[in-house]
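An overview of the molecular structure
Letter by letter, the chains look like this.
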Amino acid sequence: TSAIPMSSNESRLQNNHMDAADVLLALTAPEPVVRYVEQRVRAAGLRVARVPATATVLKVSAPSATLEREAEHLELEKRLRPEARSCASERHWPMREFVLAQRADFAGAGEGGFFTPSERVFLVTALLEAVPVDSASFSAALAAGGVREVPPRHLSSLLRALASVGLLGEVSAAHCAGRLEGWRRSVGLLREWAWLRSSEPLALDAIRDYWGERTGFLFAWQAFYVQALAPPAALGLCIWWRRPKGTSVDDDSAVPVFSLFSVVWAIFFVQLWRRKQAALAFRWGIHDAHTAQAEVRRPEFVGRELVSEITGEVELVEGRGSRALRYAASLCVSLACLIVPLAYMFVSLNLQGYISPAARHVLGVRVYHEALSAFAAPGAVFDPEAWTGMLPAVLHAAVIFLLNKAYRHVAEALTDLENHRTQEAHDNSLIVKRFLFEAFDCYIALFYIAFELRDVDRLRVELVSLFSTDVFRRVFTEAVIPLLMQRLSRRRHAAASAAAKKEDGGGAGGGGTDGGSGDLELDEHEDFDDYLEMVIQFGYITLFASAFPLASALALACNGAELYSDLFKVSYLCRRPRRPRVSGIGTWLGLLYVLVVASIFTNAVLIAFASDQLAPLLPQLFDARQRQVGQWPSGIVLLLVAVEHGLLLLLLATEVTLPRPPRWVRLTLARREHEALLAKRRLLLEAPVVATPLGDVIEATPVGGGGGSKR
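In terms of regular secondary structure, the protein chain is built from 24 helices and twelve strands. Residues counted as buried form 46% of the 711 residues belonging to the protein chain. If you take every contact in the protein chain between residues at least 6 apart in sequence, the share linking residues at least 24 apart comes to 75%. Carbon and sulfur atoms make up 61% of the accessible area of the protein chain, which amounts to about 34,600 Å² in all.

Here's what the structure looks like:
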């Protein structure tokens, strides 16, 4: 990997950093509108130029002075010089919100690399979104270009006005120097981590500096998850290795220990990740980020134009009745979509011979189908004793993948129908919809086998089939295929460059993405599916730990390969994302928490009621005669309640005793608060006392507030 050469485009960008674009603005507008956009963007202090060989793609960047003013406005934290760390909190953690008047205190201020590539994109995007639109001149440009649409009155942003009339194609971050830095440094760290000489398998700071906080948190969570899988993977392998011949997972006395360990592991995994997430957010200067994007209205939001009683400006408002109807329609369609995976689940279980004629009806429908069950008879196509008996489960995994892919479009349409005001609310609603559907699709067959059929051996077969098929599909589609596509793309690019050089008589050939329109041809990096697949896998491992102890070991091996394949794909094959700054993984953390709570109940019931795993350990609590008639000894019930309550208390205890920010973060924040209070008192004491003509005494606060960090 270290032999991968730097592209000619990346070398050129390093040599011409000042000419590089930060943001690409692709328009679908006539020439008069494009000229108007260029004029408005330049008036806002930004640099703009057209991409060569295109007429409607603009390269936007900003001079250092403009970036520094915007950094002060957005309270961006930057590292201090050693001699400028004047107080205890800054000596403990040398970061301060950037202040233009104190720029000499910051390391690298005034140099070309003062702002990281992701910070430049963040600042330029904020400046670009704040470019105002002049209604009269914009309408004149539209008329000159033959555009009849008129933007709504309440829009004051140029980009939103362009989007409202359908003239804004894409706004994308441009690639620049440093694109492969995170990949190269992470490969070096992998060798160190494999030999236990490094605690981190990825160069997270380098990834965040170029790709932004959202991508940084994605890879930080994936790396943390891979490392955390080591203990349950090792214990699962030990249990599998020591299992006597002839002993199944249903009556292995070591499995309850592994199941209890897995639940405890899941509890600490979530809590420790919350601490690491808080530490990363503080380290990256976004620990107290109340993202402005959370309050920004989506361009697609529809409502009535009303004059705000607070600001006096025209704004869009949606009535509560209309919103309730939209949510009700979305809920009904989502519930109807669940019928399809539920129906196919029973088809698959019939094909495997799991459902008997005596099976209970579900929702008034008989679930046993004689014609389908005949395929699982001895000597039939799907005979469980033959290798073909695994085919229905593998086919079920394939159908799950196709159903989830189809529902993705349904979920996006339903979320658009709900008409969320902000992008954050829109994204959270989409996450919950897709997770609930895919969780239902993936887990419903396992729940039916575990708690209705109460057959742990069959549960293990189904779980192994679904889990293994999904894992290998992800490795193939997200590691093997991207690698083949990248090598094919390199060969084509090399052939095109050679042809260009030959045509130009040996001159330098262009190619690749150069911060121009070529960047727009790359695939977008979508982190949604990466999170969703990992969270669903986490559910497989924790909800049914007693059925498949080797799941953690298999996940560790495959996730380790996928971690680096994802980073390779992002570094070489994807468009640079233009995303808001975030302080964590967001809604996904709440979904992980839900799975942890659910795993407490599922594993307790599986061990006590759906298997004989406790019988060798506690034979005095088991009565075979009571089990045969469907009765459960009171001792087993009491044990189940005790274990379940104990695990819930452990979860509550970790909430109280493991605060999310680590101690060093809390200490630094407390020092900052104390120093700000002292500075405020000092200002009050230094303020001159002025007597009014009526004899009142007031204190005049000095302008500027003296030195020190901005608070």
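Bridge count between strand β7 (residues 304-307) and strand β8 (residues 314-317): four bridges; the pairing is antiparallel. Note on β8: the bridge partner recorded for L306 is E315. Linking two consecutive strands that pair antiparallel, namely β7 and β8, is a turn of six residues; a positive phi of about 75° is found at G312 within it.

By the definition in use, this model includes one cavity of 30 Å³ or more. Looking at the lining of the largest cavity, its residues break down into four nonpolar, one polar and two charged.

Pairs of aromatic rings are described using the distance from one ring centre to the other and the angle between the two planes. Per the stated rule, a full pass over the model turns up 33 aromatic pairs. Their ring planes at 50° and their centres at 5.4 Å tell us that W93 and W664 sit as a pair that is tilted. Placement of W93 in the loop between α4 (88-92) and β5 (95-97) and of W664 in helix α24 (residues 663-686) is noted, with a sequence separation of 571 residues between them. Take W664: its relative accessible area is 31%, and that puts it in the partly exposed class. A connected cluster of aromatic rings, assembled from ring pairs, spans W221, F224, Y225, W265, F269, W273, F528, Y531, F538 and W588. Just above the ring of Y210 sits the side chain of R576; from NZ or CZ to the centre is 4.3 Å. The cationic tip of R581 hangs over the ring face of F122; the distance from NZ or CZ to the ring centre is 5.3 Å.

A few words now on the packing of helix α10 (residues 213-228) against helix α19 (residues 527-543). Following both chains from N to C, one finds α10 and α19 inclined at 25°, their axes separated by 11 Å at the closest point. One way to sum up the angle between α10 and α19 is to call them roughly parallel. Taken as a pair, α10 and α19 cross one another with a handedness that is left-handed. For the pair formed by α10 and α19, the contact residues are R214, F217, L218, W221, Q222 and Y225 on the first element and D527, D530, Y531, M534, V535, Q537, F538 and I541 on the second.

The grouping of F476, V480, I481, L484, M485 and L488 at the surface amounts to a nonpolar patch, some 530 Å² of accessible area in total. Of note, L484 is situated in helix α18 (residues 456-503). When its relative accessible area of 53% is taken as the criterion, L484 is described as exposed.

As a further point, take unusual backbone geometry. The phi dihedral of E75 is positive, around 55°, even though this residue is not glycine. Within the secondary structure, E75 sits in the loop between α3 (64-73) and β4 (77-79). E75 gets classed as partly exposed once you look at its relative accessible area, which sits at 41%. Phi is positive for N419, which is not a glycine, with a value near 60°.

Here the focus is the environment of F114. If you trace the backbone, F114 turns up in the loop between β5 and α5 (117-129). Judged by its relative accessible area of 6%, F114 is buried. Once the C-alpha coordinates of F114 and S64 are considered, the two residues, 50 residues apart in sequence, prove to be 8.9 Å apart. Once residues within four sequence positions are removed from consideration, F114 is found in contact with K78, F98, F106, A107, G108, A109 and E119.

On to the confidence of the model for the protein chain, then. Per-chain confidence: the protein chain averages 82 in pLDDT, with 85% of residues scoring 70 or above. At the level of individual helices and strands, the protein chain shows its lowest average pLDDT in helix α1 (residues 8-15), which scores 39, and its highest in α10, which scores 94. The low-confidence segment residues 290-294 (pLDDT under 50) makes five contacts with residues lying over four places distant or belonging to another chain. Confidence over residues 701-711 falls short of pLDDT 50; this stretch has 20 contacts with residues more than four positions distant or in other chains.

A few words now on the side chain of S330. Along the chain, S330 turns up in helix α13 (residues 320-337). In terms of polar contacts, S330 uses its side chain to reach the side chain of E418, at 2.8 Å. Excluding residues that lie within four positions of it along the chain, S330 makes contacts with L414, E418 and K433.

Scoring rules and cut-offs
- Residues numbered from 1 in each chain as written.
- Predicted model: local features only at pLDDT ≥ 70, side-chain atom pairs only at ≥ 80, totals over all residues.
- Heavy atoms only, no water.
- Helix = DSSP H or I, 4+ residues; strand = E, 2+ residues; numbered from the N terminus.
- Buried < 20%, exposed > 50% of the residue type's maximum accessible area, 1.4 Å probe, protein only.
- Contact = heavy atoms within 4.5 Å.
- Areas by Shrake-Rupley, 256 points an atom, 1.4 Å probe, with all protein chains shown as cover.
- Pairing = 2+ DSSP bridges.
- 1 Å grid on protein atoms, 1.4 Å probe; cavity = no way out; pocket = protein on both sides within 12 Å on 5 of 7 lines; lining within 4 Å.
- Points joined across faces, edges and corners; volume = space filled by probe spheres on them.
- Nonpolar A, V, L, I, M, F, W, Y, C, P; charged D, E, K, R; others polar.
- Phe/Tyr/Trp six-rings, centres within 6.5 Å; stacked < 30°, edge-to-face > 60°.
- Lys NZ or Arg CZ within 6 Å of the ring centre and 35° of its normal.
- Axes fitted to C-alpha atoms, helices over the stretch in contact; angles between N-to-C directions.
- Parallel < 35°, antiparallel > 145°, perpendicular 65-115°, else oblique.
- Left-handed = near helix turned anticlockwise from the far one by under 90°.
- Patch = residues over 30% accessible without salt bridge, like charges linked within 9 Å, V, L, I, M, F, W, Y side chains within 5 Å.
- Salt bridge = Lys/Arg side-chain N within 4 Å of Asp/Glu carboxyl O.
- pLDDT = per-residue confidence, 0-100.
- Polar contact = N/O pair within 3.5 Å; in protein donor to acceptor, adjacent residues only side chain to side chain.

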